[in-house]
Amino acid sequence: MAEPHMIQDPQGLTGAEIHRLRAEHGWNELPRGKRVSAAVVLLRQFTGVLVLMLIVAGLIALALGERVDALAIGAVVVLNGVLGFTQEWRAEQAMRALQAMLSPHATVIRDGQERVIPARELLPGDLILLAEGDRVPADAETLREVGLQIDESVLTGESVPVSKITAEPLFSGTTVTSGHAEARVTAIGTETEFGRVALLTGSVEDTPTTLQRELGILARQLGWVAIGVAVLVAAMGVWRGLETLQVFMLGLSMAVAMVPEGLPAVVTVTLALGAAAMARQNALVRNLQAVETLGAASVICTDKTGTLTENQMTVREIWTRDAAYEVTGSGYDPAGHVAQGGHKLRWGDDPVLDRACHVGLVCSHARLSREGETWVAHGDPTEAALIVLAHKAWAPTDARAPVIAELPFTSDRKRMSVLELGEGGGTVLTKGAPELVIGICDRVLTAHGPAPLTDEGADAAREAAHRMAERGFRVIALASREASGEMIEESRMVLVGLVGMIDPPRMEVAGAIRAARGAGIRTLIITGDHPATARNVADQLGIGAKRIVTGAELAKMDDAALAETLSQPVGFARVSPADKLRIVGALQALGETVAMTGDGVNDAPALRKADIGVAMAIRGTEVAKDAADLILLDDNYATIVGAIREGRRQFDNTRKFVRYLLSSNAGEVVALIVNTIMLAPLIFLPTQILWMNLITDGVTAVALGLEPSEKAQMRDPPRASTDRVLSLGSVTVIMAFGLYTGAAAVLLFEMLRPLGVDVARTAAFTGMVVFEKVSVFAFRSLRTPNWRLGLSGNPVLLLAFAAMISLQVAAVYWAPLQTLLQTVPLGWNEWGMIAALSLPLLIVPEILKSLGLFRGRAA
Ligand code: ATP
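Read on for an overview of the structure. Quick caveat, the model's predicted, so the values are computed rather than measured.

## What about helix α27 (residues 795-813)?
With 19 residues, α27 ought to run about 27 Å at 1.5 Å a step, and its terminal C-alpha atoms sit 27 Å apart, in line with that. Residues of α27 that are buried: L797, A800, M804, Q808, A811 and V812. Buried positions in α27, seen along its axis, are confined to an arc of 110° and lie on one side of it. α27 presents P795 and L799 as exposed residues on the side facing more than 90 degrees away from its buried surface. Where α27 is buried, its residues contact α23 (686-704), α25 (757-778) and α28 (815-821).

Here it is, written out as structure tokens:
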């Protein structure tokens, strides 16, 4: 953020100009690579191999004059397409909304006001302000700059940042690695260099997630098995003298019965809806993989400022060599005063205090403004706190000498210096972390002017800083010196004093840390701040860091020592972004799934390396957001834990419907195989199988995906990254259900055959549908009985259940469906038998769950 005095043309564009320029130049955006239209999503529903085969089969049936079969297939294909479309379109919309939320912003000056607008609204002629970590939002020309360095690797491939001086061009898409600038936009959208050389794809990626890949493989494997079984069943059909068309249809429906080809799509839909649910809770994911990986997170590495604390800095104490001062007031409200031993002080009373306030005021980019009753800080909160301090000390804040050079703050250097040009010459003003500032001082300011800073004096200052930090204060040391020219020399300075500011911990974080611990997730605090401050905050929030390791100590550790340290409850302080990268790597080598927060430009590598890079929307730079998988809209640690909870729910629910769908398919396959071996008439007609798989199962499966999270979900340890969707335990459960439902259907069929094949087949078909629908309740949770889950938890599931049973009743009694599915009406007797055979499906699993038999196996 730039200083107001930097701006040459403080007005920027005006409303009328904006209107005219918009008509002339349009928006600052590139045509999107792909934006899927509704028609494409709809067409996509009919491109699966099996669906295409069904369509061909329908056409063959039509050609052979089998109108009813053709119609039935047609109806199933259309219904399946419509269902698939509605789901996928919702997912597509959810992802689109996310994409819009992720779009970049730019800081402009328009009508004399500084404001943040979506980057697509920029126009040529706009005045923009650029700071470290920003992405240059359009092609521009620098008007003023301080230490501006730009990474142009997206355009040139050259990763070493280049310095830019006034009047040099800046290119859209490049990033500010340090310094800040004021620039005027010269070209937007497709007129920019970047627009010419590159085509931006959407920022939400859609590469398949591990789960999607795994299910894709599963579907393929089952596909091969299905072809084998289909050929076998068809061969038996030929042997029994069925017509060619019927044999073909039978083989085809067998294949459809076995292959859960809709699974990857259902998973995508579930993940996308999960992403939308996360966004409602202030967590934006940049790709679907993140939703999934979040569920497996085992360590959260979090920074402190803003994530664990409010990032609302208020100066409370000032230390100088000769005195200690208290500061009253709260927040950014300048009401309050500086006092010494209860005596209020004003500007001019104490030269050392005045100097301290002056350094804080000038060595800063923050601004205060009043919005209604509250005072708001713009820029870095640490700097804003120093501005507030200057106001409280009655420092003259308006008439200021110009600042002609700056060495900007970076998290590596942990200090910042400016060169102020006053009437009597230049002065270097520095502020930063005490260790790094005290180290460059050889004098200390006293009431009588500068005095030599002895070793004892430096130790006393360090000790004072330590004591403040221990009480949870963020400590900033202030120093100054006369400049010898136009260069900033950060050496041989005069230490002015230390200021201690509080940044209260966020109240909700303690609960979130406890929840994370309960879920087997460790929280590591990794901060650039003082170790004593880190310790204080960690203790207040119950992070339980027994030891705080500093960046300097970390540098001395080899990988083995680091691994050993990480196996204990530790925290890290005074770390640099490079240290973060090393910590992520070491944790991953220990088999952890790591979520790591970061906000600066230099944090990008650590964010990329982490399994889940987490950036802050408010505090984070565009570069950090670009590198992250998850963006926290409220910068809050608690939001990460919320997102993990959601990630776990999505993974668990996916598992639930995968098991459910496969158990349904298994039942049908068992029934068909037994039926073929018994040489009985066909138990299910092909159209009936299509009906079961493509219509009634799909709807219930999607409803199962909406299950709320189980209470136990946040009490379990994180799943291992090697955990598969289908464990051996799940396969056993699937087989058990398949064997029972298959056998029950065959039993119904055989018992009712004396009444005629049509009645027997209708009963077996209806029985199978009812069995499958009833089993869905068992799959809601393999360890918690339904009476404990409560039926109201997932009303959509109840609705889907009721709707599908009603649909099946219609299939039996409504003439058009009777014709399509070749059913006949059933009597009370048959319904009674179906109900009796369904009962065990409802009761037995509940008893087993209550006895805890499934626990730890298939859960
Ligand atoms: P976290 O990583 O938890 O967010 P942090 O924000 O304190 O911690 P940094 O921003 O890297 O980490 O700051 C590190 C240290 O640098 C701070 O403890 C402080 O002493 C000093 N510092 C912070 N902001 C400034 C600033 N604007 N100017 C000068 N020094 C600063």
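Additional details are given in the paragraphs that follow.
## Points about the pairing of strand β26 (residues 594-598)
Taken across its five residues, β26 has five buried, putting it largely inside the fold. One ladder, built from three bridges, connects strand β9 (residues 299-302) with β26; its direction is parallel. The residue bridging V299 from the neighbouring strand is V594, located in β26. Two strands pair when backbone bridges link them, and β26 and strand β27 (residues 612-616) are joined in this way by four bridges, in the parallel orientation. Each residue of the ladder has a partner; that of T597, found in β27, is V614. Crossover β26 to β27 through helix α20 (residues 604-609) is right-handed.

## A closer look at the pairing of strand β22 (residues 493-502)
Summarising burial for β22: nine of the 10 residues are buried, a large majority. Direction of pairing for strand β10 (residues 314-319) relative to β22: antiparallel, over a ladder of five bridges. The residue bridging I318 from the neighbouring strand is V499, located in β22. Bridge count for strand β19 (residues 441-446) against β22 is three bridges, and the pairing is parallel. Note on β22: the bridge partner recorded for R443 is V494. The pairing of strand β21 (residues 474-482) with β22 spans seven bridges and is antiparallel.

## Points about the site of the ligand
In the region of the ligand, 19 residues are neighbours, and K304, D380, R474, T527 and D529 sit closest. In this structure, an oxygen atom belonging to the ligand sits 2.5 Å away from a main-chain N or O atom of K304. In this structure, an oxygen atom belonging to the ligand sits 3.0 Å away from a side-chain N or O atom of R574. Those elements that provide at least two residues to the shell around the ligand are β18 (425-432) and β21. With three residues, the single largest contributor to the shell around the ligand is β21. Looking at side-chain class alone, the shell around the ligand contains four nonpolar, five polar and 10 charged residues. For the shell around the ligand, the domains that each give at least three residues are domain 2 (295-309 + 506-641) and domain 3 (314-502).

Conventions adopted
- Residues numbered from 1 in each chain as written.
- Predicted model: local features only at pLDDT ≥ 70, side-chain atom pairs only at ≥ 80, totals over all residues.
- Heavy atoms only, no water.
- Helix = DSSP H or I, 4+ residues; strand = E, 2+ residues; numbered from the N terminus.
- Expected span 1.5 Å × (residues − 1).
- Buried < 20%, exposed > 50% of the residue type's maximum accessible area, 1.4 Å probe, protein only.
- Arc of directions from axis to C-beta.
- Contact = heavy atoms within 4.5 Å.
- Pairing = 2+ DSSP bridges.
- Right-handed = clockwise from strand over helix to strand, strands pointing away.
- Near = heavy atom within 4 Å.
- Polar contact = N/O pair within 3.5 Å; in protein donor to acceptor, adjacent residues only side chain to side chain.
- Nonpolar A, V, L, I, M, F, W, Y, C, P; charged D, E, K, R; others polar.
- Domains from an automatic or database assignment.

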